[in-house]
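Spelled out from the first residue to the last, the chains are:
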Amino acid sequence: MSRLKRRSFLLSALASTSVLALPKATLAHATSPFSFEGLKTRAREMASTAYRARAKVPQDWLDLSYDEYRNRWFKVEKALWADSNRSYNVDFFLPGLYFPHAIQINEVVDGMAAPVPFDLSLFKRGDIAPELSTEGHLGYSGFRLRTEHPGAPVKQKLEKTEFCVFQGASYFRAIADWSAYGLSARGLALKTGDVEGEEFPEFIEFWLEAPAEGQKNMIVHALMDSPSVTGAYRFDITPGENCVMEITAALFAREELTHVGIAPLTSMFLYDETNRARFDDFRPAVHDSEGLLIKNGNGEVLWRPLANPVHLQVSSFVDNGPQGFGLMQRARKLSNYADLEANYHLRPSLWVEPKDNWGKGSVTLVEIPADKEIYDNIVAYWRPHTPYTAGDEIDLNYRLTWGHEPDMGLALVKNTASGAKIFGDPGRIFTIDYEAHPLLEGDPDDFDVFVSSPHIELSEGVLQRNPETGGLRLAFSFDPGSRDHVELRAQLRKDGAPASEVWLYRWSA
């Protein structure tokens, strides 16, 4: 315990002093034992004391324009472990602009941790980058992991390429070998969508375990702090065809936590065929993710296409012991988006898989109105049914898989479209296209069609074979009348068993 207190004192002193003002030799010798259990102890002790907001970086760093901030970039040849045979390299990011607080990064070798000093000379400076203060609460704002990718082209096979970034609050994101960056994850979400405003816990310090030569995985530890909660996190990260993160975390409540988001995901959905008419854009669709996939505690598979509503929209899918949830990107053709720069067809899906029983609660989806693709307007997370009280300790174990969508063994919804009825009675028509799948082979009349709504009466569903896709198309209609929203549900079954996932949708006027 005394070692931990001495170490806490040392690192708090470093955090409150300009690291640039400290000799590198001093930092290099400021080593101390490190373990995840010790990190949990530190987080527990922090939760027993009042929260103290961290100081911001100097004002001239905060006043940087977007172009000025981007005009300094890291020299990859100076990366952590670049001059070694270790299997990973680490690049660093500067603070300033959107990142007002610096973090402390530590290197862990053989169980001993040493702070990585802040060094502005590790960054190239472009023509428009201004001179900046070199004293104050400076440090890095985040880091990027790079490693060799066996699936890369031959000329890049032995190069270390990036696949994971930690930067800003408790945000992080990753890609598979074949994908481009898209949605993000967070360590924790608090009060998302609440009227009084959201609280953003922050990873304030990291410990990077130095990997051995040829080591396939990378271990990252993080300390979280926030007015309401502290936490210790361990990430076991393995890149590849899917990037897999095994996450172990311990949370310590400073205050009552009435609205907690476990394993939160953040993405962007601007439009697709369901709301295309609202946007004057040459592209047929713009989104990082197109739907929320859930496998609930009963083994039922739910698919909820995302929406960009006119007003804030929150949906709760009540469950007990969820088997998994995530935000998926299913449209994988370039022509689905016709965007040669954003490459939305290469954005990864992200699947959350609890490794413990998370009990009662709900998968919560928050959809925020957005008029531009620069805004992340989609949040999905697990919300426990029972609030945590001050002093509670919460252990979490779950897996994040970035890349391909998990195979549920059912026919998937490939497209949802909607429009006004042109002939006959007023109302709207919905069409649901299912992929070609062995479960959907045979005559359409062999399937039982279930369409329902708790709000209005729907027409009988019409099921047809789509000659272009080889799958089935389900069509139905309804008249919303004066209602401003309608909840919809559909599924195909055969011989009493599910043949497709359950399609859920909220139509809004």
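None of the values given here were measured: they were computed from a predicted structure.

Draft legend 1. Just the domain arrangement of the protein chain, in detail. For the protein chain, the assigned domains are domain 1 (32-258 + 387-408), domain 2 (265-374) and domain 3 (413-508). Computed over C-alpha atoms, the centres of domain 2 and domain 3 are 19 Å apart. Summing both sides of the interface, domain 2 and domain 3 together bury roughly 1300 Å²; the carbon and sulfur share of this comes to 45%. The largest per-residue losses of area from domain 2 upon contact with domain 3 belong to Thr274, Trp303 and Arg330, which jointly make up 35% of the total buried on that side. In this structure, the connection of domain 2 to domain 3 is made through two salt bridges.

Draft legend 2. Looking closely at the environment of Tyr271. Within the secondary structure, Tyr271 is located in strand β17 (residues 269-271). Here the alpha-carbon distance between Tyr271 and Glu198, two residues 73 residues apart in the chain, equals 25 Å. Here Asp281 takes part through its side chain, which lies 3.3 Å from a polar atom of the side chain of Tyr271.

Draft legend 3. Fine view of the pattern of salt bridges. The final tally for this structure, using the stated rule, is 25 salt bridges. For Arg254, the salt bridge is made with Asp225, and the minimal N-O distance between the two is 2.8 Å. With Arg254 in the loop between β15 (243-253) and β16 (260-267) and Asp225 in strand β13 (residues 218-225), this pair connects stretches of sequence that are 29 residues apart. Judged by relative accessible area, which is 9%, Asp225 ranks as buried. Salt bridges here are not isolated pairs; linked through shared partners, they connect Asp91, Arg144, Arg146 and Glu162.

Draft legend 4. Expanded view of the nonpolar core. Of all hydrophobic cores here, the largest spans 87 residues; its most connected members are Tyr233 and Phe235. Among the elements that take part in this core, β15 stands out by supplying six residues, more than any other. Each of domain 1 (32-258 + 387-408) and domain 2 (265-374) gives at least three residues to this core. Contact partners of Phe235, with chain neighbours within four places excluded, come to Phe166, Phe172, Phe203, Met218, Ile219, Val220, Ala222, Met245, Glu246 and Ile247. Membership of the second largest hydrophobic core comes to 29 residues, among which are Leu293, Ile432, Leu492 and Trp503.

Draft legend 5. The pairing of strand β26 (residues 393-403), seen in detail. In this structure, β15 lies alongside β26, joined through ten bridges in antiparallel fashion. Across the sheet, Glu246 pairs through a bridge with Arg399, a residue of β26. Across six bridges, strand β23 (residues 349-354) lies against β26 in antiparallel orientation. Considered in β26, the bridge of Pro354 is made with Tyr398.

Draft legend 6. View of the environment of Arg52. Relative to the helices and strands, Arg52 resides in the loop between α3 (36-47) and α4 (59-62). Here Arg52 falls in the exposed class, since its relative accessible area comes to 69%. With 390 residues separating them along the chain, Arg52 and Gly442 place their C-alpha atoms 65 Å apart.

Draft legend 7. Quick look at the packing of aromatic side chains. Under the defined criterion, the tally for this structure stands at 32 aromatic pairs. The interplanar angle of 90° and the centroid separation of 5.8 Å between the aromatic rings of Phe74 and Phe92 together place this pair among those described as edge-to-face. Placement of Phe74 in strand β2 (residues 72-74) and of Phe92 in strand β3 (residues 88-93) is noted, with a sequence separation of 18 residues between them. A relative accessible area of 3% means that Phe92 is categorised as buried.

Rules used throughout
- Residues numbered from 1 in each chain as written.
- Predicted model: local features only at pLDDT ≥ 70, side-chain atom pairs only at ≥ 80, totals over all residues.
- Heavy atoms only, no water.
- Domains from an automatic or database assignment.
- Buried area = accessible area lost by both parts, 1.4 Å probe.
- Salt bridge = Lys/Arg side-chain N within 4 Å of Asp/Glu carboxyl O.
- Helix = DSSP H or I, 4+ residues; strand = E, 2+ residues; numbered from the N terminus.
- Polar contact = N/O pair within 3.5 Å; in protein donor to acceptor, adjacent residues only side chain to side chain.
- Buried < 20%, exposed > 50% of the residue type's maximum accessible area, 1.4 Å probe, protein only.
- Core = buried A, V, L, I, M, F, W, Y, C linked by side-chain atoms within 4.5 Å.
- Contact = heavy atoms within 4.5 Å.
- Pairing = 2+ DSSP bridges.
- Phe/Tyr/Trp six-rings, centres within 6.5 Å; stacked < 30°, edge-to-face > 60°.

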